[in-house]
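Residue-level structure breakdown
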Amino acid sequence: MKLLVLLAALVAVAACTDTFVGHQVLRVVPQSDEELQKVQELQDLEHLQLDFWLSPRGLGLPVDIRVPFPSLQAVKVHLEAAGVSYSIMIEDVQALLDEEQREMLRSSRQLPLNTNTFNYEAYHTIDEIYNFMDLLVAENPNLVSKLEIGRSTENRPLYVLKFSTGGTNRPAVWIDTGIHSREWVTQASGVWFAKKIVEDHANKEGVASILDTMDIFLEIVTNPDGFVYTQTTNRMWRKTRSKHSGALCVGVDPNRNWDAGFGEAGASSYSCSETYHGPYANSEPEVKSIVDFVKSHGNIKAFVSIHSYSQLLLYPYGYTSTAVPDQKELHEISAKAVAALSSLYGTQYKYGSIITTIYRASGGTIDWTYNQGIKYSFTFELRDTGRYGFLLPASQIVPTAEETWLALKVIMEHARDNLY
């Protein structure tokens, strides 16, 4: 095993990418306060370099931890000594990454001439996704346009696709994917959504009736710097790539950087944390550009931010246990949306407010949008529930996008029929 690790490390150095050979994803389901405490203790052991895919949330709720090969023994001893049982969800993270890379290479050999020949069943590079956007706009000039709403820290364009049948400043729906860069099924689903909107419009079905009165804005690669970094250097990168003075580590969690309970419990002030909130609200251009767009537009009626994984549909709040005034309506929409989603492949989703369904999280996207007066603010956590986690096989992209679309349609139709 040690020889394999050494060989993989040499290959990774040659390719300038981080290696995950021998890394395992362990799942612990704490059954008592003592067990929960033992798992929480691991979060403070920074030298182990653990990556909590699912953080400790409470009793009976799974905690998923990517454990680097050198730390495996220490973590297992820590758990076993306390009598805490665990299961191995992913035996070798690198094996899944290698398969993912093989799939991407196979797919990239056939360059699409149009969006009909684009491979929706594969993961794509940022350039391939941007090329797809340009093809879609060129094919549908009367429906689709590409806006640049800002630039990222590393000066990449922040592109948004606008789907509109005309009119000015009509009521609108916003959808974003990929704000956490390692959640690849979200960007891939965003690509599928874009094509689906165009097809529905052409066939006068599905969301065509929504486009009669509303515009749809779709930001597919919301965190481009992080996304590129997942493809060139570290597949497990979640944050932005900003460097702030006084910060030890690079990057900010863009879903803790919004001006809603900013810096309160549910985010970290430690720059090396995966949930580092940044030096101040909207410090990240990727966040600030959306804030500016939402404010200047002034007529967005539904806002949906898409993440993975866990199979959840969430509404505000995350930063406070105070229920939102529209809690009853949002809960009813969520129930309908989840029922629609499950009708296709039987995928089971839980739903509720962020704080009651998962955990306290401050500075989150939809808490800010709701406080801006966008009543229909939702977050999805797409497939799966942990078998593959962030490394969902490409074969599940289209089924994930298809079922999610049914839920999105429920939300969009409700917003259209209940304009405020």
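Here the structure is a predicted model, which means the values were calculated and not measured.

What to know about the overall build of the protein chain
Of regular secondary structure, the protein chain possesses 13 helices and 12 strands. Oriented by its inertia axes, the alpha-carbon framework of the protein chain measures out at about 65 × 50 × 45 Å. The 420 residues of the protein chain split such that 59% are buried. The contacts of the protein chain with a sequence gap of at least 6 include a subset with a gap of at least 24, amounting to 73%. When the accessible surface of the protein chain is summed, it comes to about 17,100 Å², and 51% of that surface belongs to carbon and sulfur atoms. Each charge sign in the protein chain was given a centre, from 36 positive and 49 negative side chains, and these centres are 2 Å apart.

Side note on helix α8 (residues 224-232)
By the burial criterion, the buried members of α8 are Pro-224, Asp-225, Gly-226, Phe-227, Val-228 and Thr-230. The elements touched by buried residues of α8 are α5 (126-139), β6 (157-163), α6 (184-203) and α9 (285-297).

Quick notes on the sheet that holds strand β9 (residues 300-308)
Taken in spatial order, the eight strands line up as β5-β6-β8-β7-β9-β12-β10-β11 in an open sheet, and their pairing is mixed. Each edge of the open sheet is held by one strand with a lone partner, namely β5 (144-151) and β11 (350-353). Between one strand and the next, the sheet's axes are offset by a mean angle of 20°, whatever the strand orientation. Here strand β10 (residues 312-315) pairs with β11 via four bridges, running parallel. Bridging across to β11, Leu-312 finds its partner in Lys-350. On the sheet, α5 packs against β5 and β6 and is oriented at approximately 30° with respect to β6.

Looking at the sheet that holds strand β4 (residues 87-90)
Strand order across the open sheet formed by four strands is β2-β3-β1-β4, with antiparallel pairing between neighbours. For this open sheet the edge positions go to β2 (51-54) and β4, each flanked by a neighbour on one side alone. When the angles between neighbouring strand axes are averaged without regard to direction, this sheet yields 35°. When strand β1 (residues 24-28) meets strand β3 (residues 63-67), the two strands line up antiparallel, connected through five bridges. Bridging from a neighbouring strand, Val-25 pairs with Arg-66 of β3.

Observations regarding the packing of aromatic side chains
Following the criterion strictly, the structure yields 19 aromatic pairs and no others. Ring plane angle 35° and centroid distance 5.5 Å describe the contact between Phe-193 and Trp-405, whose orientation is recorded as tilted. One end of the pair, Phe-193, is in helix α6; the other, Trp-405, is in helix α13 (residues 397-417), and 212 residues separate them in sequence. Like Trp-405, Phe-193 is buried. On the basis of an interplanar angle of 70° and a centroid distance of 5.6 Å, the ring pair of Tyr-376 and Tyr-420 is categorised as edge-to-face.

Quick notes on the rules
- Residues numbered from 1 in each chain as written.
- Predicted model: local features only at pLDDT ≥ 70, side-chain atom pairs only at ≥ 80, totals over all residues.
- Heavy atoms only, no water.
- Helix = DSSP H or I, 4+ residues; strand = E, 2+ residues; numbered from the N terminus.
- Buried < 20%, exposed > 50% of the residue type's maximum accessible area, 1.4 Å probe, protein only.
- Contact = heavy atoms within 4.5 Å.
- Areas by Shrake-Rupley, 256 points an atom, 1.4 Å probe, with all protein chains shown as cover.
- Lys, Arg positive; Asp, Glu negative; His and termini not counted.
- Charge placed at Lys NZ, Arg CZ, Asp CG, Glu CD.
- Pairing = 2+ DSSP bridges.
- Axes fitted to C-alpha atoms, helices over the stretch in contact; angles between N-to-C directions.
- Phe/Tyr/Trp six-rings, centres within 6.5 Å; stacked < 30°, edge-to-face > 60°.

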